[in-house]
Amino acid sequence: MHPAFSIVFFTTLAGSAQGLVVALVVATLADRAPSAGFTVQALGVAQALLLAALAASFLHLGRPARAWRAVRMWRTSWMSREVIVLPAFMAVVGAWWLTLALGKEPGLLLPLLALLLCALLWLCTAMIYACLRFLQEWAHPLTVVNYTLIGLSSGWVLAGALAVLGGEDGFVRLLGPWALALTLAALSTRALALLRNARLVPRSTQQTATGIRAERLVQKSMGFSGGSFNTREFFAHASIPALRRIQLFMLLWGFVLPAALLMWALGGGPPLAWLVALPLQFLGLLAERWLFFAQARHPQNLYYQVVS
């Protein structure tokens, strides 16, 4: 598939914001919440990321003014459900932020509601792709697992970096082991998905795609001299060596290097390790999400394979 950078940024930014909110919820439920001032700032960062993600998603629409119509298909469409859950999640995060900013005690209702909507948002976003059975690379429970774990990992690393900047040493100590565990878990499940997808055998063949029953079939031309919607939107336009290099970059920068830096910080290294891990991981996860789309092999590509 052709990766749309608007969706790459949307899913990456929204996932980090969700993970950050979950980190704050867990600290609150464990009665180890950071100071109210820091929580206000962290929730503000989460809301800013969600707004940026929402703005990026609009760039993917042909007619943004008609985006509201997406909610009408909520009974059958995971995308429609996502369109409903995202603003609801943002509203709860905003209410939590406002309550603390006004100096009031939010209690547990708002954090628990934020946690519930956060989980629903991950489910809706991931199921947009996992429900497409004809794309074998996506149609698997690992899609939902990876969206959740990667969002948690990036959000907890972001929370740790903000806590280092804010001088919240107790919060950093709470986050450290969990952030490392989540990053390693995300690495494991993403690597497992890569191994699974590498072994997939397409259900369709050139013969079934073209209707030609010859035993040996070789395509010489795509059939278009100037390209078409099909050849633009369903191809990643990247060579296999390029995809392999991006995959290596994604694994190193998105998971291995951040995990190593977190281990260093937990082992007595400087808090600066958190601040280095954050941008490295963000770039790596942008590559991860781009690769997620690029490696999905649409069945129609069996027909439109080679440009003449």
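Structure first, text after, so check above.
The paragraphs below set out a description of the structure included in this document. (Residues numbered from 1 in each chain as written. Predicted model: local features only at pLDDT ≥ 70, side-chain atom pairs only at ≥ 80, totals over all residues. Heavy atoms only, no water.)

### Brief notes about the overall build of the chain
Stage number 1. In terms of regular secondary structure, the chain is built from 10 helices and 0 strands.
Stage number 2. The helix and strand sequence of the chain, counted from the amino end, reads α-α-α-α-α-α-α-α-α-α.
Stage number 3. Rg of the C-alpha trace for the chain: 21 Å, near the compact-globule value of 19 Å for 308 residues, within the 12% margin.
Stage number 4. With respect to the three principal axes, the spread of C-alpha positions in the chain is 70 × 45 × 30 Å.
Stage number 5. Across the chain, every contact between residues at least 6 apart in sequence was considered, and the portion connecting residues at least 24 apart equals 79%.
Stage number 6. Carbon and sulfur atoms make up 67% of the accessible area of the chain, which amounts to about 15,600 Å² in all. (Helix = DSSP H or I, 4+ residues; strand = E, 2+ residues; numbered from the N terminus. Rg over C-alpha atoms; globule rule 2.2 N^0.38 Å. Contact = heavy atoms within 4.5 Å. Areas by Shrake-Rupley, 256 points an atom, 1.4 Å probe, with all protein chains shown as cover.)

### Some points on the environment of Q136
Stage number 1. In this fold, Q136 is placed in the loop between α4 (109–130) and α5 (141–166).
Stage number 2. For Q136, a relative accessible area of 15% gives the class buried.
Stage number 3. Sequence-wise, Q136 and P299 are 163 residues apart; in three dimensions their C-alpha atoms are separated by 9.4 Å.
Stage number 4. Sequence-distant contacts of Q136, that is, excluding residues within four places in its chain, are made with R196, N197, L200, V201, P202 and R203.
Stage number 5. There is a polar contact of 3.4 Å between the side chain of Q136 and the backbone oxygen of V201. (Buried < 20%, exposed > 50% of the residue type's maximum accessible area, 1.4 Å probe, protein only. Polar contact = N/O pair within 3.5 Å; in protein donor to acceptor, adjacent residues only side chain to side chain.)

### Description of the packing of helix α1 (residues 5–29) against α4
Stage number 1. Where α1 contacts α4, the two axes come as close as 9 Å, and the packing angle between them is 150 degrees. Comparing their axes, α4 and α1 come out roughly antiparallel. You can see that α1 and α4 cross each other, and the crossing is left-handed. Each of I7, T11, G15, Q18, G19, V21, V22, V25, T28 and L29 in α1 lies in contact with α4, whose residues at this interface are P111, L112, A114, L115, C118, L121, W122, T125 and Y129.
Stage number 2. Grouping the amino acids of the contact of α1 with α4 by side-chain chemistry returns 13 nonpolar, 6 polar and no charged. (Axes fitted to C-alpha atoms, helices over the stretch in contact; angles between N-to-C directions. Parallel < 35°, antiparallel > 145°, perpendicular 65-115°, else oblique. Left-handed = near helix turned anticlockwise from the far one by under 90°. Nonpolar A, V, L, I, M, F, W, Y, C, P; charged D, E, K, R; others polar.)

### Some remarks on the nonpolar core
Stage number 1. Of all hydrophobic cores here, the largest spans 89 residues; its most connected members are F89, W96 and F171.
Stage number 2. When residues of this core are traced back to their parent elements, those giving at least two are α1, α2 (36–58), α3 (78–101), α4, α5, α6 (169–198), α9 (240–266) and α10 (272–294).
Stage number 3. Here the element with the most residues in this core is α1; it accounts for 13 residues.
Stage number 4. The residues contacting F171, other than those within four sequence positions of it, are A23, L24, A27, P34, F38, A159 and A163. (Core = buried A, V, L, I, M, F, W, Y, C linked by side-chain atoms within 4.5 Å.)

None of the figures reported here should be taken as evidence of function without further support.
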